[in-house]
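The lines below spell out each chain.
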Amino acid sequence: MIEQKPKRILVIGSINMDLVLTLDRAPEAGETVLGESYAYIPGGKGANQAVAAARLNGEVFFCGRVGSDSNGKILLENLADNKVNTSYITVDDSSQTGLAVIPVDSEGQNRIMVFPGSNYLVSREDVDRAMQKSYDAIMLQLEIPLDIVYYAFEKAKAKGIPVVLDAAPAVEVDLSRLKGLYILSPNEYEASKLTGIKADSVENALKAAEILRDSSSADYVIIKMGDKGALLYDKGHYDMIPSYPVKAVDTTSAGDSFTAAVTVKALEHGNIAEAVRYANAVGAICVSRRGAQPSLPTEEEVRKFLKGESI
Ligand code: RIB
């Protein structure tokens, strides 16, 4: 078999340090709950997707910003250690590195509070610099200013580069400014926010996917539905692709890893349903481990998981 050249992917997005607190249950308003442990773990939706794609053998470049603080230094080194090209990451003196505070309960469910910091200073000039090179695809999320998302999309479109948008977190994005996406992938919650339809069943997710496709003209809309799987909507056809049953201990970065995996695999072989199946395996491995980036699997681990071998 001829070895494929790795696909060149530019991620334009956020980099955060995650402060993860493990506790039995999240507190109510005004209540104090004691936690069991805490850890500082590399995260950020953009950085998670970059590391996920690199572990699945993508050739990944990152465009973003960190502050000139110790978290910024650690996160830059971590990306480089994960073979993500960091040449287009700016160290910004004027702000702190992004921080996410994440309580994770005994069911593995999280809540995420984010201080965006330098992520909100990513500029058009940063994008211009990174986009001097050519790429097989660009991955975007919504944890940097929307103006930059629209700008990067326009530039990519003018150059004919496919763009994948992971519509997270749930913000009011104008999809009419992103017409012609390659893949649009929200989770159930984000799909509901974008369409007004509670996308919690196949029937409703399909309705939401139709609306999302109409407003974005995306080639593929993929709604991540957690342990139910993913709904793939492709020009009037849909396929509900089931998840792999695993015990979830922490769902952080499962959506990020899914989108990165779909992107890498769709670019490699063009079979989108296969790519979603593979991404479901990546997401399943991710939820069975703790933390954002430590839980992202390598290609070898996914291969073993799919064969039913222990990893
Ligand atoms: O999607 C998970 C990520 O969201 C976390 O790593 C956190 O940093 C927030 O950006």
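See the structure shown above.
Being a predicted model, the structure only gives us computed values, none of them experimental.

## A look at the layout of surface pockets
- In this structure, the largest pocket occupies an estimated 1400 Å³ of space.
- Along the walls of the largest pocket sit 47 residues, with Asn-110, Asn-187, Thr-251, Ala-254 and Gly-255 positioned nearest its centre.
- Contributions of two or more residues to the lining of the largest pocket are made by β2 (16–23), α1 (45–55), β6 (98–104), α5 (188–195), α7 (254–269) and α8 (272–287).
- By residue class, the composition of the lining of the largest pocket is 22 nonpolar, 15 polar and 10 charged.

## What about the site of the ligand?
- The immediate surroundings of the ligand are formed by 13 residues, with Asp-18, Gly-44, Lys-45, Glu-143 and Asp-256 found nearest.
- Taking Asp-256, its side chain carries an N or O atom lying 2.7 Å from an oxygen atom of the ligand.
- Expressed as a share of its isolated accessible area of 280 Å², the protein-covered part of the ligand is 97%.
- For the ligand, the cavity whose grid points lie within 2 Å of the majority of its atoms is the largest pocket.
- Secondary-structure elements contributing two or more residues to the shell around the ligand are β2 and α1.
- Residue classes in the shell around the ligand are distributed as 3 nonpolar, 6 polar and 4 charged.

## Here's the deal with the pattern of salt bridges
- Within the structure shown, the criterion is met by 17 salt bridges.
- A salt bridge links Arg-277 to Glu-274, with the nearest nitrogen and oxygen atoms 2.7 Å apart. With Arg-277 and Glu-274 both in helix α8, this residue pair falls 3 residues apart, about one helical turn.
- Here Arg-277 falls in the partly exposed class, since its relative accessible area comes to 32%.
- Connected via shared salt-bridge partners are Arg-65, Asp-92 and Asp-126.

## Here's the deal with the packing of aromatic side chains
- Enumeration over the complete set of coordinates arrives at 4 aromatic pairs.
- Seen from their ring centres, Phe-61 and Tyr-135 are 5.4 Å apart, and the 70 degrees between their planes marks the pair as edge-to-face. With a gap of 74 residues between them, Phe-61 in strand β4 (residues 59–67) and Tyr-135 in the loop between α3 (124–130) and β8 (137–140) connect regions that are remote in the sequence. You'll find Phe-61 and Tyr-135 in the same group, each marked buried.
- When the centroid spacing of 5.9 Å and the interplanar angle of 70 degrees are considered together, the rings of Tyr-182 and Tyr-220 count as edge-to-face. Placement of the pair is Tyr-182 in the loop between β9 (163–166) and β10 (183–185) and Tyr-220 in strand β11 (residues 220–224), with a sequence separation of 38 residues.
- The class for Tyr-220 is buried, based on a relative accessible area of 15%.

## What about the sheet that holds strand β13 (residues 237–241)?
- If you walk across this open sheet you meet the 9 strands as β5-β4-β1-β8-β9-β10-β11-β12-β13, and the pairing is mixed. Unpaired on one side and paired on the other, β5 (84–92) and β13 mark the two borders of the sheet. Mean inter-strand twist for the sheet, computed between neighbouring axes without regard to direction, equals 15 degrees.
- Where β11 and strand β12 (residues 230–234) come together, 4 bridges link them in antiparallel fashion. Residue pairing in the sheet places Lys-224 in a bridge with Ala-230 of β12.
- In the packing of helix α2 (residues 70–81) onto the sheet, the strands contacted are β4 and β5, and the crossing angle to β5 comes to about 165 degrees.
- In the packing of α8 onto the sheet, the strands contacted are β10, β11, β12 and β13, and the crossing angle to β13 comes to about 25 degrees.

Reading guide: rules and limits
Chains are numbered independently. Their residues run from 1 in the order of the written sequence. Per-residue local features are limited, in this predicted model, to residues with pLDDT of at least 70; the limit for side-chain atom pairs, both in listing and counting, is 80 or more; totals at the level of whole chains, interfaces and linings are taken over all residues. Hydrogens are left out, water is left out, and the side-chain values use all remaining heavy atoms of the structure. The rule is simple: put a 1 Å grid over the protein atoms alone, call a set of points where a 1.4 Å probe fits but cannot get out a cavity, call an open set with protein on both sides within 12 Å along at least five of seven lines a pocket, and count a residue as lining if it has an atom within 4 Å of a point. Grid points are joined across faces, edges and corners, and a volume is the space filled by probe spheres set on the points. Helix and strand definitions follow DSSP, with helices as H or I runs of at least four residues and strands as E runs of at least two, each counted in order from the N terminus. By the convention adopted, Pro, Cys, Tyr, Trp, Phe, Met, Ile, Leu, Val and Ala count as nonpolar, Lys, Arg, Asp and Glu as charged, and the other residues, Gly among them, as polar. Being near a molecule or strand, for a residue, comes down to having at least one heavy atom within 4 Å of it. Each polar contact in these results corresponds to two N or O atoms within 3.5 Å; when the atoms are within protein, one needs to be able to donate a hydrogen and the other to accept it, and residues that are neighboring in sequence are counted only if both atoms are side-chain atoms. For accessible areas, the Shrake-Rupley method is used with a probe of radius 1.4 Å. Any residue's cover is judged against the shown protein chains and nothing else. Occupancy of a cavity or pocket is assigned to a molecule whenever over half of its atoms lie within 2 Å of that pocket's grid points. Basic side-chain nitrogens of Lys or Arg form a salt bridge, by our definition, when they fall within 4 Å of a carboxyl oxygen of Asp or Glu. Each residue gets one of three labels from its accessible area relative to the maximum for its type: buried under 20%, exposed over 50%, partly exposed in between, using a 1.4 Å probe on protein chains only. What counts as a ring pair is set by centres within 6.5 Å for rings of Phe, Tyr and Trp (its six-membered ring), and what kind of pair is set by the plane angle: stacked under 30 degrees, edge-to-face over 60, tilted for all other angles. Whether two strands pair comes down to DSSP finding at least two bridges between them. Think of each axis as a best-fit line through the C-alpha atoms, taken over the contacting stretch in the case of a helix, with angles from 0 to 180 degrees between the N-to-C directions. What makes two residues a contact is simply this: any of their non-hydrogen atoms within 4.5 Å.

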